[in-house]
Structures are given as C-alpha cells and as structure tokens.
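Overview (structure and organization)
Each chain, written out:
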Amino acid sequence: MSSKQLFLEPMTAGMILDRSFRLYVQNFALMIGLTAIVQVPILILTVGAPLLRGTNQILGVIAGLIGLIGVLLSLLIVTPLVTGAATKAVSERFLGNEITALTALKFAWGYVGTLLLIQLVVGLIVFVGLMLCLVPGILWMLSYSIVAPVAVLENSSDRGEIRQRSWELVSGNRGKVFAVIVVVVLVQILLGGSGSLII
C-alpha cells in the first residue's frame, strides 16, 4: 500500500458530492463491511438484552447492564472507530490503493482516542453555541464538521490545530458544507441500516 499522505483542500459542493457518490458506490461492500464488523456485535447486545428481561428479575438487571454497556461502547468506541476507518478507506481508494475493512479498522484504532476527544470538544462548543443563540451553534457545527477527516488524513493529534484546520477548510463554504452534510447523513443512515440487515 502506498504511504502517500492525503492533504485536504477546498472543493466545490458539486465536486465533493460527485466524488463521494462515486467512491461509495464503487466501494459499497467495503463500507457495509466496516459498519457491520463493529456494529453487528453492538446490535446483538442492545437487541438481545431486552429479550432477557422477561425471564426473571436477576436476568432483567443483567440485561439492563448489558444494554447500557452496548450503548456506551457504541458512543465511545464504535462511532469514532467507524468514522476513522471509513475516512481511511475512502482516502485510500481515492488514491487508487487497495484496503480491506480490517486494515482500515486497525489503522483507525490508533485514532479512536483523538477522534473521541475532538468530537466531544466540538460537540460541547456547538452545544454552547446553540444555547447562546441558534445561529452561532449552526455556524460552529459547520466550521468543525471535518475535524475527523483532518485528524485521520493529516495525521494530527493536536485538538486546537485540528479545529483550526477544519475552520480554515470550511471558511467561505458553509452553505455548501451544509448541503454535503445532509447527503452524507443520508448515506450513513443507508449504510447503517444495510449493515444491520446482515443479521
């Protein structure tokens, strides 16, 4: 696999949507594999736990704990892991390199802590902005929308630097970023649903 490093640069919304659509369509099996590998076990925990509650009281408590653990694992590990792995996989395929789901997940594991922390910080900043006034929160959300790709693709662990880089890349293109985010969320919902259907 090539060791080339991918640096982000501003693109038009049309370019982003076109490239993203083609990459996801061409690598749909890989994207499904990434989501399924980590989400199916969590899904089994969260869906299977309620089935145990009707048996007896002790199993009901155990089932509740299992369900809580599943939710926490999903929020604290699965989300940043899948985000990092999908970013790595798409960037490698964009560069013409081959990569498997397991290789992407292994790579992303080294960024789980960074991605979790930066997403928590950004989430807090956006929340404060939404509480102060709706508009600043939305603007900050758009400005920090690519912190995960910046961290993974530019190999950065400095949270302040990551936020600043994201802000610079998004600057002047927030409307386009909003449109892209809507499409990306729809794709993620589709991928997540497809991954769940495997079981």
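For the structure, check the block above.
Residues numbered from 1 in each chain as written. Predicted model: local features only at pLDDT ≥ 70, side-chain atom pairs only at ≥ 80, totals over all residues. Heavy atoms only, no water.

1. Section: the overall build of the chain
Keep this limit in mind: For the purposes of this entry, the term helix denotes a DSSP run of H or I that reaches at least four residues, the term strand denotes a run of E that reaches at least two, and both are numbered from the N terminus. For the exposure calls, accessible area comes from a 1.4 Å probe over protein chains only, and a residue counts as buried if that area is under 20% of its type's maximum, exposed if over 50%, partly exposed in between. Working definition of accessibility: Shrake-Rupley area with a 1.4 Å probe, residue cover restricted to the visible protein chains.
A count of helices and strands for the chain gives nine helices and zero strands. Taken from the N to the C terminus, the helices and strands of the chain come in the order α-α-α-α-α-α-α-α-α. Within the chain, the fraction of its 199 residues that count as buried is 34%. Accessible surface, the chain as shown: approximately 11300 Å² in total, 70% of it carbon and sulfur.

2. Concerning the packing of helix H5 (residues 112–132) against helix H8 (residues 159–170)
Stated precisely, the cut-off is as follows: Where helices are involved, their axes are fitted lines through C-alpha atoms of the stretch in contact, as for all axes, and angles between N-to-C directions lie from 0 to 180°. Every angle not falling under 35 degrees, over 145, or within 65 to 115 is termed oblique; those three ranges are roughly parallel, roughly antiparallel and roughly perpendicular. Should the near helix be turned anticlockwise from the far one by less than a right angle, the crossing is left-handed, and should it be turned clockwise, the crossing is right-handed. Any two residues whose heavy atoms approach within 4.5 Å are treated as being in contact.
At their nearest, the axes of H5 and H8 sit 10 Å apart, and the two run at 60° to each other. Taken together, the axis directions place H5 and H8 in an arrangement best described as oblique. Considering the relative orientation of H5 and H8, their crossing is right-handed. Contacts between H5 and H8 involve Thr114, Leu117, Ile118, Val121, Val122 and Ile125 from the former and Arg159, Ile162 and Arg163 from the latter.

3. A word on the pattern of salt bridges
Inclusion rule: By definition, a salt bridge exists where a carboxyl oxygen of Asp or Glu is found within 4 Å of a side-chain nitrogen of Lys or Arg.
Summed over all chains, the structure comprises three salt bridges. For the salt bridge of Arg93 with Glu98, the shortest nitrogen-to-oxygen distance reads 3.8 Å. Assessed through its relative accessible area of 63%, Glu98 is described here as exposed. Notably, a salt bridge pairs Arg165 with Glu154, separated by 3.0 Å at the nearest N-O pair. Highlighted residues: Arg165 in helix H8 and Glu154 in the loop between helix H7 (147–153) and H8, separated in sequence by eleven residues. Its relative accessible area of 23% is what places Arg165 among the partly exposed residues.

4. Regarding the side chain of Glu92
What counts is decided by this rule: Two N or O atoms form a polar contact when they lie within 3.5 Å of each other; inside protein one atom must be a possible hydrogen donor and the other a possible acceptor, and for residues adjacent in sequence the pair counts only when both atoms belong to side chains.
Residue position: Glu92 is located in helix H3 (residues 57–94). Among the polar contacts listed, one links the side chain of Glu92 to the side chain of Lys88, at a separation of 2.7 Å. Side chain to side chain, Glu92 and Asn97 meet in a polar contact 2.8 Å long.

5. Considerations on the side chain of Asn97
Looking at the element boundaries, Asn97 is found in the loop between H3 and helix H4 (101–109). For Asn97, a relative accessible area of 11% translates into the label buried.

6. Points about H8
Short version of the rule: Multiplying one less than the number of residues by 1.5 Å gives the expected span of a helix. What the arc measures is the spread of directions leading from the helix axis to the C-beta atoms.
Across its twelve residues, H8 extends 17 Å between first and last C-alpha, which sits within 8% of the 16 Å expected from 1.5 Å per residue. When we look at burial in H8, the residues that qualify are Ile162, Ser166, Leu169 and Val170. Taken end-on, H8 shows its buried residues confined to a sector of 90°, consistent with a single buried face. Its side-chain oxygen 3.0 Å from the backbone nitrogen of Gly160, Asp158 forms the N-cap of H8. Gly172 occupies a position one or two residues after H8 and carries a positive phi of about 85°.

7. Observations regarding the nonpolar core
Heads up, the condition is: Here, nonpolar core refers to any group of buried Ala, Val, Leu, Ile, Met, Phe, Trp, Tyr and Cys residues whose side-chain atoms link them within 4.5 Å.
In this structure, Leu115, Ile118, Val122, Val147, Val152 and Ile162 are the most contacted members of the largest nonpolar core, which totals 14 residues. Elements that contribute at least two residues to this core include exactly H5, H7 and H8. When near neighbours in sequence (up to four residues on either side) are disregarded, Val122 contacts Tyr144, Val147 and Arg163.

8. Brief notes about a nonpolar patch on the surface
Test applied: Here the term patch refers to residues with relative accessible area over 30% and no salt bridge, with like charges joined within 9 Å and nonpolar side chains (Val, Leu, Ile, Met, Phe, Trp, Tyr) within 5 Å.
A cluster of nonpolar side chains, Leu124, Phe127, Val128, Leu130, Met131, Leu132, Leu134, Ile138 and Met141, forms an exposed patch at the surface whose accessible area comes to about 870 Å². Per element, the largest residue contribution to the nonpolar patch is six residues, and it comes from H5. As for its position among the elements, Leu124 is in helix H5. Classification of Leu124 as exposed rests on a relative accessible area of 55%.

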